Amino acid sequence: MSGPDDRDEDRLTTGLIHHPYEPPAGFGAVAPGVFKASTVIFKDVAALRARNWREKTGYTYGLHGTPTTFTLEERIATLEGGVQTLLVPSGLAGIALVNLSLLKSGDEVLLPSNAYWPSAELARQELARWGIAHRVYDPMDVAAFAAQIGPRTRLAWVEAAGSITMEFPDLAGLVGACRARGVTVALDNTWGAGIAFAPFEQGVDISMQALTKYPSGGADLLMGSVTTRDEALHQQLKATHMRLGVGVGANDVEFVLRSLPTLALRYAAQDAAGRHLAAWWQGRREVVQVFHPALEASPGHAHWADCCSAAAGLFSVEFDPRYGQAQVDAFVDALRRFRIGHSWAGPVSLAAPYDLATLRGQAGRGKLVRFSLGFENVDDLIADCEQALGAL
Ligand SMILES: *Cc1c(COP(=O)(O)O)cnc(C)c1O
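Residues numbered from 1 in each chain as written. Predicted model: local features only at pLDDT ≥ 70, side-chain atom pairs only at ≥ 80, totals over all residues. Heavy atoms only, no water.

**Q** How would you explain the site of the ligand if you had to name every residue and give the values?
**A** Neighbouring residues of the ligand: S90, G91, L92, Y116, D188, T190, A210, T212, K213, L222 and W344. Between a nitrogen atom of the ligand and a side-chain N or O atom of D188, the distance comes to 2.6 Å. At a separation of 2.5 Å, an oxygen atom of the ligand approaches a polar side-chain atom of T212. Alone, the ligand offers 380 Å² of accessible surface; in the complex the protein occludes 90% of this. Among the residues making up the shell around the ligand, the classes are represented as five nonpolar, four polar and two charged. (Near = heavy atom within 4 Å. Polar contact = N/O pair within 3.5 Å; in protein donor to acceptor, adjacent residues only side chain to side chain. Areas by Shrake-Rupley, 256 points an atom, 1.4 Å probe, with all protein chains shown as cover. Nonpolar A, V, L, I, M, F, W, Y, C, P; charged D, E, K, R; others polar.)

Set out below in structure tokens:
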């Protein structure tokens, strides 16, 4: 090839960047290809000027979507029973995106008393600075919740089941109270993962998931999704998503795409193991309560049974109050197969202690331990709990 001044282009720089080879089209494989971009190339200036980042009809910039992110968005929308999905760098970023997109100074947002703790911290520390108030409601009391909705209430977050104490609310009741007052309802659907119940059939407007948990399943990445059925609501969220610049990396998307085909199988396996271990704990005299929505004695069990047939592999036990924090900590430290850590839905079973006095302001209660099931043999996990009880 000769250039304009009849000189050969440099093989080792220009030649390796603008190489003429194009692989044949029509490659077929089980896994979708992974496309990586900040820059997207336009074929001419007219194409660049005509760019449209709002519709998924083309590509403009890495932040606005690639074939790889569009593919995962479509699959998560299908999983959730929604129409449009946005991907964000973590579940917490998904919560923040919803808040920042829908709330302004003077507005009020409602949070359940058993909300994911960082979501409550976001309201207390960040939203408060921007003049956005929040109110905490008891998710098990629909009438009290409805009475808390005021003229400034724009948004209500719901969780089913709640964090740590696993209460399962009357979702239809909470949503109905919001409908009557024109309040947007956002569900943190990380626990249900799109498997345990169909969020939009419960009437929510937005379903947010930490893809970090079940959809990833690897305990090795962070991602979140925000799914809607209403086009105008989606466009509002998408505009804020673009302005905040909260995009995701193609390598992480690739891992989630690889994990999604086994999501339902993994959910069912950890559900079965969780119920088995929770039932074992119910028979132990060291604990006074097991919090797992599929157990009859657990708060909100009837609401769970109304809309769910499955449950995440996640539960908490409340020790007899005669065991102090040091004893319960010693039990957790003595676990060998259960590792100590946050998060859930990965291959390794996890345990962490909680205190209802600091968590919910409930003094005089027993200390909690939250378990999340991995993929170890459940009999090994029972044996592990049994040996660790010796350290109480
Ligand atoms: C983990 C989790 C989140 C946040 O997800 P990250 O990706 O860790 O930010 C939000 N809500 C619930 C219920 C979670 O369990």
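**Q** Could you give an account of the domain arrangement of the chain, naming the residues involved and the relevant values?
**A** Looking at the assigned domains, one finds that the chain contains domain 1 (45-261) and domain 2 (263-391). On a C-alpha basis, the centres of domain 1 and domain 2 stand 27 Å from each other. Tallying the contact residues gives 32 residues for domain 1 and 31 residues for domain 2. Together domain 1 and domain 2 conceal approximately 2600 Å² of surface at their shared face, both sides included; 68% is due to carbon and sulfur atoms. At the surface where domain 1 touches domain 2, the tally comes to eleven residue pairs in polar contact (both at pLDDT 80 or more). Residues that form the side of domain 1 that touches domain 2 fall into these classes: 17 nonpolar, twelve polar and three charged. (Domains from an automatic or database assignment. Contact = heavy atoms within 4.5 Å. Buried area = accessible area lost by both parts, 1.4 Å probe.)

**Q** Can you explain helix α4 (residues 91-102)? Please cite residues and give values.
**A** An ideal rise of 1.5 Å per residue puts 16 Å on twelve residues; α4 measures up with 17 Å between its terminal C-alpha atoms. The buried fraction of α4 is high, at ten of twelve residues. Buried within α4 are the following residues: G91, A93, G94, I95, A96, L97, V98, N99, S101 and L102. Where α4 starts, the residue carrying a side-chain oxygen 3.4 Å from the main-chain nitrogen of L92 turns out to be S90. (Helix = DSSP H or I, 4+ residues; strand = E, 2+ residues; numbered from the N terminus. Expected span 1.5 Å × (residues − 1). Buried < 20%, exposed > 50% of the residue type's maximum accessible area, 1.4 Å probe, protein only.)

**Q** Go over the sheet that holds strand β8 (residues 287-291) with me, naming the residues and quoting the values.
**A** The strand order β8-β9-β12-β11-β10 describes an open sheet built from five strands, whose pairing is mixed. Edge positions in the open sheet fall to β8 and β10 (339-340), since each of these has one partner strand only. Sheet topology places β8 next to strand β9 (residues 314-319); four bridges connect them, and they run antiparallel. In the strand pairing of β9, F291 is matched with S316. (Pairing = 2+ DSSP bridges.)

**Q** An account of the pairing of strand β7 (residues 224-228) is requested, with residue identities and associated values reported.
**A** Of all the five residues making up β7, five are buried; the element is thus mostly covered by neighbouring parts of the structure. Along β7, one buried face is formed by G224, V226 and T228 and the opposite face, lined by S225 and T227, is buried too. Pairing between strand β1 (residues 84-88) and β7: five bridges, direction antiparallel. Within β7, the residue paired with T85 across the bridge is T227. With five bridges joining them, strand β6 (residues 206-210) and β7 adopt antiparallel strand pairing. Paired with S207 across the strands is T227, a residue of β7.

**Q** Can you lay out the packing of aromatic side chains for me, pointing to particular residues and giving the numbers?
**A** Tallied over the full model, the rule gives 15 aromatic pairs. When the ring of Y214 is compared with that of Y267, the centres are 4.6 Å apart and the planes differ by 50°; the resulting orientation is tilted. A residue pair is termed long-range when its members are at least 10 positions apart, and Y214 in the loop between β6 and β7 and Y267 in helix α10 (residues 263-282) qualify at 53 residues. The rings of W280, W281, F315, F319, Y323, F331, F338 and F371 are connected pair by pair, giving a single aromatic cluster. (Phe/Tyr/Trp six-rings, centres within 6.5 Å; stacked < 30°, edge-to-face > 60°.)

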